[in-house]
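Report on the structure
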Amino acid sequence: MKRLKNLSSFIVMDIVKEAAKYPDAIHFEIGQPDIAPSQRVKKAMQKALDKNSFAYTESLGLGVLREKIAAYYKSKYGIDVPKERIIITPGTSGAFLVAYSLALDYNESIGLPDPGYPCYKNFAYILDIKPVFINVFKNSGYKVTTEHLKNLKIKALQISSPANPTGNVYEKNDLKELIGYCEKENIKYISDELYHGLVYEGKEHTALEFSDEIFVINGFSKYFCLPGLRLGWIVVPQRYTKDAEKIVQNLFISPPTLSQYGALEAFDEEYLSKVKKTFKKRRDFLYEALKDIFEIDAKPQGAFYIWADISKYSDDSLSFAKELLENSHTAVTPGLDFGKNETERYIRFAYTTDIEKMKEGVERIKEYLSNRYQSF
């Protein structure tokens, strides 16, 4: 089918498969937390199992969970979001399908930053929407600005903060300016906030602080440490709630029932503060360990990734990643997974494993590079 001809698979999944051949592999490639969720989540799921809670929920998700999310927006950001605008989805992937379906029609265009999360463009291709790639560089902190948008013909803009793979965060004024521009130019604004909670300096801001006419996506996979529960949510403008319900009824029937019952107890602030502290310590360690080996444009402010420039060793991130895996048994993600804008010069490290393992991985990389490249 023509609309699927540009659909790409993840290179990182090939790295994962290859790394499985090495029992001693150190994993920097996996973009999922290795930390267990709060015990309260497990108990809630067990309780739901004991009550035989296997039926569909309503299509929008459990009302009590949507109320919990609304309360989360109030406590974290100080804003009121009616539960009627909150829809629970099977992972954030489901939320993006809803957002793109509501915001865009066939053959309309969406602006996406490059480098950026690879699924965005694939969602667009599946829905016969045209991705328009916006090249972002270290001189703008890898952020899309209004200057980038002035000559683009797009109907929607997708922004991620904190971003994968760079870990950059949009400040309050950045968001306010972008959202204001998009509203003035009648461009739909979609905000991916999946890594909220994992911001290590300053405070993250939800796009909902600046407008009610935008789409905001978040989920339980990263900060809440529940990737396998496949549960996300989307906040839609009030005028789209009925259409959104039609879409989710047909695409998903309803979100996963047991996952929703578990997520009711995911908002464990004491436990989540420990999760954040753990990832901050890992970030600080890995940044210091890597900055003299690779060029790193900036210390990442959020998420759990480091975007490392390998150009003094290689101009082929895929080959370089394979080299590291074969010769040092350390697995990283090639930059090519994240677009075409200089991504052959970068690899992504995920600090989703404990510091002792990361320390071992860095030592292996240093030893290999010192033997392979005399200039190291």
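The preceding data block contains the structure.
Residues numbered from 1 in each chain as written. Predicted model: local features only at pLDDT ≥ 70, side-chain atom pairs only at ≥ 80, totals over all residues. Heavy atoms only, no water.

Another aspect to go through is helix α4 (residues 91–103). The end-to-end C-alpha distance of α4 is 19 Å, a good match for the 18 Å that 13 residues give at a rise of 1.5 Å each. Among the 13 residues of α4, eleven are classified as buried, and the element is accordingly described as predominantly covered. Among all positions of α4, only Gly91, Thr92, Gly94, Ala95, Phe96, Leu97, Val98, Ala99, Tyr100, Leu102 and Ala103 are buried. (Helix = DSSP H or I, 4+ residues; strand = E, 2+ residues; numbered from the N terminus. Expected span 1.5 Å × (residues − 1). Buried < 20%, exposed > 50% of the residue type's maximum accessible area, 1.4 Å probe, protein only.)

We now examine the packing of α4 against helix α8 (residues 241–251). The N-to-C vectors of α4 and α8 enclose an angle of 130°; their axes lie 10 Å apart at closest approach. Classed by the angle they form, the pair α4 and α8 counts as oblique. Considering how the two elements wind past one another, α4 and α8 form a crossing that is right-handed. Residues Leu97, Val98, Ser101 and Leu102 of α4 pack against Asp243, Ala244, Ile247, Val248 and Leu251 of α8. Looking at the contact of α4 with α8 residue by residue, the classes come out as seven nonpolar, one polar and one charged. (Axes fitted to C-alpha atoms, helices over the stretch in contact; angles between N-to-C directions. Parallel < 35°, antiparallel > 145°, perpendicular 65-115°, else oblique. Left-handed = near helix turned anticlockwise from the far one by under 90°. Contact = heavy atoms within 4.5 Å. Nonpolar A, V, L, I, M, F, W, Y, C, P; charged D, E, K, R; others polar.)

A few words on the nonpolar core. Membership of the largest hydrophobic core comes to 91 residues, with the highest contact counts inside it found for Leu157, Phe220, Phe294 and Phe349. For Phe220, the residues in contact, after removing those within four places along its chain, are Leu65, Ile69, Cys225, Leu226, Pro227, Leu231, Trp233, Ala263, Ala266 and Phe267. Judged by nonpolar contacts, the second largest core, of 29 residues, contains Ile87, Phe96, Tyr100 and Ile247. (Core = buried A, V, L, I, M, F, W, Y, C linked by side-chain atoms within 4.5 Å.)

Another aspect to go through is helix α10 (residues 269–290). Over its 22 residues, α10 extends 31 Å from the first C-alpha to the last, a length consistent with the 32 Å expected when each residue adds 1.5 Å. Among the residues of α10, Leu272, Val275, Phe279, Arg282, Arg283, Leu286, Tyr287 and Leu290 are the ones counted as buried. With its buried residues spanning 125° around the axis, α10 presents them on a single face. For α10, the exposed residues set more than 90 degrees away from the buried face come down to Glu270, Lys277 and Lys281. (Arc of directions from axis to C-beta.)

Bringing the pairing of strand β3 (residues 109–114) into the picture now. The buried fraction of β3 amounts to six of the six residues, a majority that puts the element mostly inside the structure. With burial as the criterion, each face of β3 is covered, one bearing Ser109, Gly111 and Pro113 and the other bearing Ile110, Leu112 and Asp114. When β3 meets strand β4 (residues 130–135), the two strands line up parallel, connected through six bridges. Paired with Ile110 across the strands is Pro131, a residue of β4. What joins β3 to β4 is helix α5 (residues 119–126), and the crossover it makes is right-handed. When β3 meets strand β5 (residues 156–160), the two strands line up parallel, connected through two bridges. The residue of β5 that forms the bridge with Ile110 is Ala156. (Pairing = 2+ DSSP bridges. Right-handed = clockwise from strand over helix to strand, strands pointing away.)

Looking at the secondary structure, you find Thr343 in the loop between β12 (333–334) and β13 (346–350). A polar contact is formed between the side chain of Thr343 and the backbone oxygen of Gly339, at a distance of 2.6 Å. Excluding residues that lie within four positions of it along the chain, Thr343 makes contacts with Asp114, Pro115, Trp307, Ser317, Gly335, Leu336 and Phe338. (Polar contact = N/O pair within 3.5 Å; in protein donor to acceptor, adjacent residues only side chain to side chain.)

Taken by themselves, the reported measurements are silent on function.
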